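Structure assessment
Here are the chains, one letter per residue:
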Amino acid sequence: MARSTLCAFMLLAGLSAAKYIVPGGRWHATDGSLVNAHAGCVTVDKDTGKFWLFGEYKVEGHTEGAGVSVYSSDDLATWENHGLALAPVEGHEYISPHHIIQRPKVVYSKVSNEYHMWWHADNSSYGLLLQGFARSPNISGPYTFVSATPPLGNWSQDFGIFTDRKDGRSYALYSNGDRREGRDVYLSAFNEDATALEKVVHRFDKYDLEGPTIIQTDKSYYALMSHKTGYRPNNVVAFRADSLAGPWSQPFTVAPLNTRTYNSQSGFSLTIQGKKKTTHLYLGDQWDQNSNWESRYIWLPMEIDDRKKTLDVVWNDVYDLDVKSGEWTAVEGKAYLAADAKTAGAAFKQEANFASKNTIVTGIYGNDSTVTFEGITGTGQPQWVSFYYQNTDDMGFGDQPGGTPDRIGGTWQLRRIASVVVNGKTDKVETLFQRDTHKGIILSTPLLLTLEKDKKNTITVGGLWNGFDYKGADLDRIVVYPPEKR
Ligand code: GLA
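Since the model is a prediction, treat every value here as computed from it, not as a measurement.

We now examine the overall build of the protein. What the protein contains, in helices and strands, is 2 helices and 33 strands. Relative to the globule expectation of 23 Å for 486 residues, the C-alpha radius of gyration of the protein, 23 Å, shows essentially globular dimensions. Here the C-alpha coordinates of the protein stretch approximately 65 × 65 × 50 Å along the principal axes. Relative to its full complement of 486 residues, the protein shows a buried share of 57%. Sequence separation of at least 24 residues holds for 57% of the intrachain contacts in the protein that already meet a minimum separation of 6. For the protein, the computed accessible surface area is about 20,200 Å², with 50% contributed by carbon and sulfur atoms. Here the protein carries 50 positive and 56 negative side-chain charges, and the mean point of each set is 4 Å from the other.

Here it is as structure tokens:
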């Protein structure tokens, strides 16, 4: 089929040529490796319009100080790995492998015609609270270390950058630490060159927030920030203002309460000004404290109503974003309910008025206490399957010392791990991380599975060892999505 005919066919069939964005999935780069760029930013190449993703490179057994990685993409879904943009230097005063190199952000400086990288530079105990600065003539790097300094004499912890579309001026956003004297988030203007901070524009006083980012619409600025719960997610809030200097509104939540912002922390946002539509994306991190190097990305569209002065991060399991037109569409999947599935062993169906057909399957454990979804139609190609679950640990582990975080002194266990087996093939077990939700809160998390074509497939879910137990989370349903069209 000629390319144009193929495109016309795809348009008629309502399909897009783009790859899907799947929040919380294991994202693989074109070289097959996991996309490893956390708490960073996406910077648009001034010449080519290409998207460049920078982030913390996290290595198994070594969660901090591994440098800043960089990937490129034309569609925000297919990522090419370019290695490290900023590599740690053994023995360096600020960027040794033992230092914290967190939340890197990259902006283009017109004055120097270079790309400038800024980040939270620190020692391993968060004792320095500085801002690191490195530069490169090429967006992909390598970046050369310049300095690590206190911003206008202050402390600086979680770091963000915002560039105003009205005048191209960049601003730093930084929480000034957890000490009593800190607990603010600063918004400070860079000089024109983006080589130093010039002045404080606003201070979000004593809200004790972090993970800051700003989104700009035609009429408003929205500043998103998370609470301070380390690598555990919480309910992210936003402030709104007509101007960066304020007055800023009261903070308000941006996602349904107790979803803990769909298990994510804020950190960056991206505006796509397409030919037909402007789409604002929330670029959050789904940390995994047990295996930080495997943390995921929760990238979601935001719905903003400047008249009502509201901003909502909207959940989608799988969506298709056209970066040229700016439009995005939710991909439709087919649901299979746990209420209609078959249980084995001690797994059983329990009344749950917040679940599909008032029923949730609980007691999923090990190899024997499982739930099997039957009659699933496949395509023979890899397809995303979302598992809708409830994890009642509430970020804790009831029978461990410390108990759940909903008690004083609670500890947080970040996930249960389910086993997922297609068509009874137990030699190929997929691992599904099910991070804590909250009692009565159902969230979803995806796996890429290959189901046989047109066959009535089965998917069996059990429990794997998570360091404490073999429990899988309670299941509400699965949703099977069509394969990507390339
Ligand atoms: C929060 C911060 C991260 C990191 C972790 C460490 O999540 O936003 O940048 O410092 O805490 O616990």
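Take the site of the ligand next. Lining the immediate environment of the ligand, one finds Gln102, Arg103, Tyr126, Asp158, Glu210, Gly230, Tyr231, Gln265 and Trp287. The side chain of Tyr126 places a nitrogen or oxygen atom 2.8 Å from an oxygen atom of the ligand. Gln265 is positioned such that a nitrogen or oxygen atom in its side chain is 2.9 Å from an oxygen atom of the ligand. Starting from 300 Å² of accessible surface for the ligand in isolation, the protein chains cover 88%. For the shell around the ligand, the class distribution of residues is 3 nonpolar, 3 polar and 3 charged.

Next up on the list: empty space enclosed by the protein. Taken as a whole and assessed by the stated rule, the structure comprises 2 cavities of 30 Å³ or more. Its boundaries defined by the atoms lining it, the largest cavity holds a volume of some 80 Å³. In terms of lining, the largest cavity is formed by Ala37, Ala39, Gly40, Cys41, Leu53, Phe268, Leu283, Gly284, Asp285, Tyr297 and Trp299. When contributions to the lining of the largest cavity are tallied by element, the ones reaching two or more residues are β1 (38-44), β18 (278-286) and β19 (296-305). Residues belonging to the lining of the largest cavity are distributed by class as follows: 8 nonpolar, 2 polar and 1 charged. Lining the second largest cavity, in full, are Gly25, Arg26, Trp27, Leu34, Val35, Trp293, Glu294, Ser295, Arg296 and Tyr297. Classifying every residue of the lining of the second largest cavity gives 5 nonpolar, 2 polar and 3 charged.

Of all residues in the protein, 92% attain a pLDDT of 70 or more, and the chain-wide mean is 92. Here residues 1-17 is a poorly scored stretch, pLDDT under 50, and it has 11 contacts once near neighbours within four places are set aside; other chains count.

Time to look at the sheet that holds strand β3 (residues 68-73). Pairing is antiparallel across the open sheet formed by 4 strands, whose spatial order is β1-β2-β3-β4. What marks the edges here is a single partner per strand, and that holds for β1 and β4 (80-86). Averaged over all pairs of adjacent strands, the angle between their axes in this sheet comes to 25°, without regard to strand direction. In the sheet, β1 pairs with strand β2 (residues 51-56) via 5 bridges, with the strands oriented antiparallel.

A word on the domain arrangement of the protein. Each assigned domain of the protein is listed with its residue range as follows: domain 1 (2-330) and domain 2 (334-480). Distance from the C-alpha centre of domain 1 to the C-alpha centre of domain 2: 30 Å. Facing 26 residues of domain 1, the contacting portion of domain 2 comprises 22 residues. Surface buried jointly by domain 1 and domain 2 totals about 2,000 Å² across both partners, of which 51% is contributed by carbon and sulfur atoms. Among the residues of domain 1 in contact with domain 2, Arg26, Arg260 and Asp317 are the three that bury the most area, contributing 26% of the side total. Here domain 1 is connected to domain 2 by 2 salt bridges.

With that out of the way, let us pick up the sheet that holds β18. Strand order in this open sheet of 4 strands is β17-β18-β19-β20, and the pairing throughout is antiparallel. Every other strand in the sheet has two partners, leaving β17 (265-273) and β20 (310-313) as the edge strands with one partner each. Adjacent strand axes in the sheet meet at a mean angle of 30°, parallel and antiparallel pairs treated alike. In the sheet, β18 pairs with β19 via 7 bridges, with the strands oriented antiparallel. Following the sheet pairing, Gln286 is matched in β19 by Arg296.

So, about the pairing of strand β7 (residues 130-136). Residues in a regular strand point their side chains to alternate faces of the sheet. Where burial is concerned, most of β7 is hidden: 6 out of the 7 residues are buried. Note: strand β6 (residues 114-122) against β7, 7 bridges, orientation antiparallel. From the neighbouring strand, Trp119 faces β7, where its bridge partner is Gly132. Here β7 runs beside strand β8 (residues 144-149); their pairing, made up of 5 bridges, is antiparallel. Paired with Arg135 across the two strands is Thr144, which belongs to β8.

Here the focus is the environment of Asp476. By secondary structure assignment, the location of Asp476 is in strand β33 (residues 474-480). By relative accessible area, which is 0% here, Asp476 ends up buried. Placed 349 residues apart in sequence, Asp476 and Gly127 show a C-alpha to C-alpha distance of 45 Å. When sequence neighbours within four positions are dropped, the list of residues in contact with Asp476 reads Leu337, Ala338, Ala355, Ser356, Thr359, Ile360, Tyr388 and Ile442.

With respect to burial, strand β5 (residues 100-109) is a largely interior element, 9 of its 10 residues being buried. Where β5 lies against β6, 8 bridges are found, and the strand directions are antiparallel. Pairing of Gln102 across the sheet is with His120, part of β6. If you look at the hairpin formed by β5 and β6, you'll find 4 residues sitting between the two strands, and Asn113 has a positive phi there, around 55°.

Evaluated as defined, the whole model comprises 20 aromatic pairs. Note on Phe162 and Tyr221: the rings are 6.0 Å apart at their centroids and 90° apart in plane angle, and the pair reads as edge-to-face. You can see Phe162 sitting in strand β9 (residues 159-163) and its partner Tyr221 sitting in strand β14 (residues 221-226), a full 59 residues away along the chain. For the ring pair Phe204 and Phe239, a centre distance of 4.8 Å and an interplane angle of 55° mean the geometry is tilted.

What counts, and where the lines are drawn
- Residues numbered from 1 in each chain as written.
- Predicted model: local features only at pLDDT ≥ 70, side-chain atom pairs only at ≥ 80, totals over all residues.
- Heavy atoms only, no water.
- Helix = DSSP H or I, 4+ residues; strand = E, 2+ residues; numbered from the N terminus.
- Rg over C-alpha atoms; globule rule 2.2 N^0.38 Å.
- Buried < 20%, exposed > 50% of the residue type's maximum accessible area, 1.4 Å probe, protein only.
- Contact = heavy atoms within 4.5 Å.
- Areas by Shrake-Rupley, 256 points an atom, 1.4 Å probe, with all protein chains shown as cover.
- Lys, Arg positive; Asp, Glu negative; His and termini not counted.
- Charge placed at Lys NZ, Arg CZ, Asp CG, Glu CD.
- Near = heavy atom within 4 Å.
- Polar contact = N/O pair within 3.5 Å; in protein donor to acceptor, adjacent residues only side chain to side chain.
- Nonpolar A, V, L, I, M, F, W, Y, C, P; charged D, E, K, R; others polar.
- 1 Å grid on protein atoms, 1.4 Å probe; cavity = no way out; pocket = protein on both sides within 12 Å on 5 of 7 lines; lining within 4 Å.
- Points joined across faces, edges and corners; volume = space filled by probe spheres on them.
- pLDDT = per-residue confidence, 0-100.
- Pairing = 2+ DSSP bridges.
- Axes fitted to C-alpha atoms, helices over the stretch in contact; angles between N-to-C directions.
- Domains from an automatic or database assignment.
- Buried area = accessible area lost by both parts, 1.4 Å probe.
- Salt bridge = Lys/Arg side-chain N within 4 Å of Asp/Glu carboxyl O.
- Phe/Tyr/Trp six-rings, centres within 6.5 Å; stacked < 30°, edge-to-face > 60°.

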